[in-house]
Amino acid sequence: MNLPKQPLNHKIFRYTITSLIIVASIWSAAGLEITLDRLIDAPKQVGILIGAMFPLDMSTEAFNRIIPKVFESLFIAWAGTVIGSFFSFPISFLAANNVAKGIVSKATKQVLNIIRAFPELILAFIFLPITGLGPLTGTLAIGIHSIGTLGKLSSEVIEGIDEGPLEAIKSSGGSKLNELTFGIIPQVMPTITSYWLYRFEINLRASAVLGVVGAGGVGQELINQLRFRDFPRAGTVLICTIVLVLTADAISATIRNRIIKGKVTKS
Amino acid sequence: MINIPPKPKASYLIKIGIPFAFIFSIFSFSRIGFNLSDFQENLSNRKIVTEPLFNPKWQWAWDNTYLALLETIQIAILASIVGCAIALPLSFYASRATNLNKYSYFIYKSFLNLIRTIPDLFWAMMFTVAVGIGPFAGVLALVMFSLAIMGKLLSETIDSIDPGPMEAAKATGASHNQTVFTSALPQVLPNFTAYFLYIFELCIRASVILGLVGAGGVGRIIETQRIFLRFDRISPIIVIILVVVIFIEQFSVWIRKKIL
């Protein structure tokens, strides 16, 4: 006999969730010694900090220091994405369970999961003594982390393909390799390319941060200026980063839209 | 004779984009300063890292980490709750479906976009300067982080809600606020819960590294050991963190499946 599942009692469920959230936040706030007056005071403190940043430091000397760093972040993000997409592309075929055998696919997926679990910053400071202070470390850290995330996303795209074209190729005598090159790759390429661009947007933010551990990029500049209490220049660093991220996001989003939705034909 | 249709021409995006991407990649790699001989020389130094990395000091790590780890989890819990609570009303203002005023919509939307461009660690650095070193700065940084993500996800969900119930509420003579409360809010609440759990997972991941800039949590211990290159102490900490993070994530994924 097929018994339908008894639905959760919504009222009890709702009260439990609410009380759980309240208890959790009180427990956390107490553990961190956060009092209400500190919380109320915080916006004022932030206001003072932001006030100290204006007027921004617009001297050429500041820009000569900051602009190369900002672009270094851009290059790190791009190169890291290239590494990530280059290596994740073949790996994602191994991870897709409709292309590779079950055991290979499961093992590859686990490997990708493990890679993905390491944050970029932790990878960066493990590499730091080997590859030295500088953008190379950041690139490797971002590249390796991207292999994990892109591999997972791409393999999911490959798993979701339409089997029809593959059947057509098989029935016309195509080999396994033909299936791959004519059946799968044309189907998945647009989505995977847009994932690469999307990853580039995320990596750009990550690469800005990497400078904190000395792995190149604009983060180093920001933390130095904040440590020396040179707030106007820290403000300039922040604004430059925001402009870069916004521009890169806008360009990348336009291209992604065009790839996914196709050419807009006037009718 | 079969008429074969001509192959469609490649679009400009492909004609220009692919060579451009290729050239830009080469340029980026050259600017990063990848130098094979230096790399090989440095690679001989790898023993500094790899030897202690694979000789973890478990006892030390556990004795010194568990309190900081608890702090990390508390930061993530508090920040995701506060951040999402602030984001809930904000995203209604930042959606075209529920905010009728074009200008205030634009202001809220730009505000959310702006705070989204600043990376989490930049927030942490600024808050450590503003409110002092400690977990409180970390909480505030992650509040901004979760506010930005929740604002984007939720306002886009509100954009795509079914307008029917809102119309029905309006037809009964409800004011705009009543309409939003009775017909738009219930539609997005399940999504809100799912996003909240997702953001909680992100916060747990992000809170691990907050300590690197002095914003509390387990990153503080990693940072001090990193400066002394004690990789034999760092590696077990990282493993412990990974296990805890993965465990909490699995728990959150399980709840998300239960709710939806």
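The rules we used
- Residues numbered from 1 in each chain as written.
- Chains lettered and ligands numbered in written order.
- Predicted model: local features only at pLDDT ≥ 70, side-chain atom pairs only at ≥ 80, totals over all residues.
- Helix = DSSP H or I, 4+ residues; strand = E, 2+ residues; numbered from the N terminus.
- Rg over C-alpha atoms; globule rule 2.2 N^0.38 Å.
- Buried ≥ 20, exposed ≤ 12 C-beta atoms within 10 Å, placed from the backbone.
- Contact = placed C-beta atoms within 7 Å.
- Nonpolar A, V, L, I, M, F, W, Y, C, P; charged D, E, K, R; others polar.
- Core = buried A, V, L, I, M, F, W, Y, C linked by C-beta atoms within 7 Å.
- Axes fitted to C-alpha atoms, helices over the stretch in contact; angles between N-to-C directions.
- Left-handed = near helix turned anticlockwise from the far one by under 90°.
- Parallel < 35°, antiparallel > 145°, perpendicular 65-115°, else oblique.
- pLDDT = per-residue confidence, 0-100.
- Expected span 1.5 Å × (residues − 1).

1. Here's the deal with the overall build of chain B
For chain B, the count of helices and strands is eleven helices and zero strands. Start at the N end of chain B and walk to the C end: the helices and strands fall as α-α-α-α-α-α-α-α-α-α-α. Taken over C-alpha atoms, the radius of gyration comes to 25 Å for chain B, far larger than the 18 Å a tight globule of 260 residues would show. If one aligns the C-alpha atoms of chain B with their principal axes, the spans along those axes are about 75 × 70 × 40 Å. Counting across all 260 residues of chain B, residues that qualify as buried make up 40%. If you take every contact in chain B between residues at least 6 apart in sequence, the share linking residues at least 24 apart comes to 73%.

2. Thoughts on the overall build of chain A
Per the secondary structure count, chain A includes ten helices and zero strands. Its helices and strands taken in sequence order, chain A reads α-α-α-α-α-α-α-α-α-α from the N to the C terminus. Its C-alpha atoms give chain A a radius of gyration of 25 Å, more than 25% over the compact-globule value 18 Å for 267 residues. C-alpha atoms of chain A, sized along the principal axes, occupy 70 × 55 × 55 Å. Each of the 267 residues in chain A was classed as buried or not, and the buried ones make up 39%. Of the contacts formed within chain A by residues at least 6 apart in sequence, a portion of 73% connects residues at least 24 apart.

3. Details of the interface of chain B and chain A
The interface of chain B with chain A comprises 48 residues on the first partner and 48 residues on the second. Those elements giving two or more residues to the side of chain B that touches chain A turn out to be α1 (12-32), α2 (36-43), α3 (47-53), α4 (58-93), α6 (120-131), α7 (135-159), α9 (176-210) and α11 (231-259) of chain B. Taken together, the residues of the side of chain B that touches chain A sort by class into 35 nonpolar, eight polar and five charged.

4. Some points on the nonpolar core
A124(A), L210(A), A124(B), M125(B), V139(B), A141(B) and L142(B) are the most contacted members of the largest nonpolar core, which totals 129 residues. Contact partners of A141(B), with chain neighbours within four places excluded, come to D120(B), W123(B), A124(B), F127(B), L210(B) and A215(B).

5. Remarks on the packing of helix α3 (residues 60-95) of chain A against helix α6 (residues 135-159) of chain A
Residue and element names in this part refer to chain A. Put simply, α3 and α6 touch, their axes get as near as 6 Å, and they point 40 degrees apart. Crossing geometry of α3 relative to α6 is assigned as right-handed. Residues belonging to the contact of α3 with α6 are distributed by class as follows: 15 nonpolar, 13 polar and one charged.

6. Comments concerning unusual backbone geometry
Residues and elements named next belong to chain A. For R229, which is not glycine, the phi torsion reads 60 degrees and is therefore positive. Mapped onto the fold, R229 is located in the loop between α9 (218-227) and α10 (231-261). With 9 C-beta atoms counted inside 10 Å, the residue R229 sits in the exposed group.

7. Quick notes on the environment of Y15(A)
With respect to the secondary-structure elements, Y15(A) resides in helix α1 (residues 10-31). Separated by 30 residues in sequence, Y15(A) and Q45(A) place their C-alpha atoms 36 Å apart.

8. Quick look at the packing of α3(A) against helix α4 (residues 102-117) of chain A
Residue and element names in this part refer to chain A. The interhelical angle for the contact between α3 and α4, taken along N-to-C directions, is 135 degrees, at an axis separation of 7 Å. Put simply, α3 runs oblique to α4. Residue-level inspection shows I91, L94 and A95 of α3 in contact with α4, the latter providing V104, S105, T108, K109 and L112. Residues that form the contact of α3 with α4 fall into these classes: five nonpolar, two polar and one charged.

9. As for the confidence of the model for chain B
All names here are of chain B. Looking at chain B as a whole, its pLDDT mean stands at 84, while 97% of the residues score no less than 70. Mean pLDDT across the elements of chain B ranges from a minimum in α2, with 70, to a maximum in α7, with 90. Per the prediction output, this complex has pTM 0.84; the corresponding ipTM is 0.81.

10. Focus on α1(B)
Every α-helix winds through 3.6 residues per turn, so residues three or four apart in the chain are directed the same way. Between the first and last C-alpha of α1(B) there are 29 Å, a value that for 21 residues agrees with the 30 Å anticipated at 1.5 Å per step. In the stretch just after α1(B), G33(B) is the one whose phi turns positive, near 80 degrees.

11. Details of the confidence of the model for chain A
Averaged over chain A, the pLDDT score is 85; the fraction of residues at 70 or greater is 96%. Across chain A, the secondary-structure element scoring lowest on mean pLDDT is helix α2 (residues 36-53) of chain A, at 81, and the one scoring highest is α6(A), at 90.

12. So, the environment of T98(B)
All names here are of chain B. Counting through the fold element by element, T98 comes out in the loop between α4 and α5 (102-117). Remark: the alpha-carbon pair of T98 and D159, spanning 61 residues in sequence, is separated by 8.0 Å. With sequence-adjacent residues up to four places away left out, T98 is seen in contact with F92, I158, V180 and A184.

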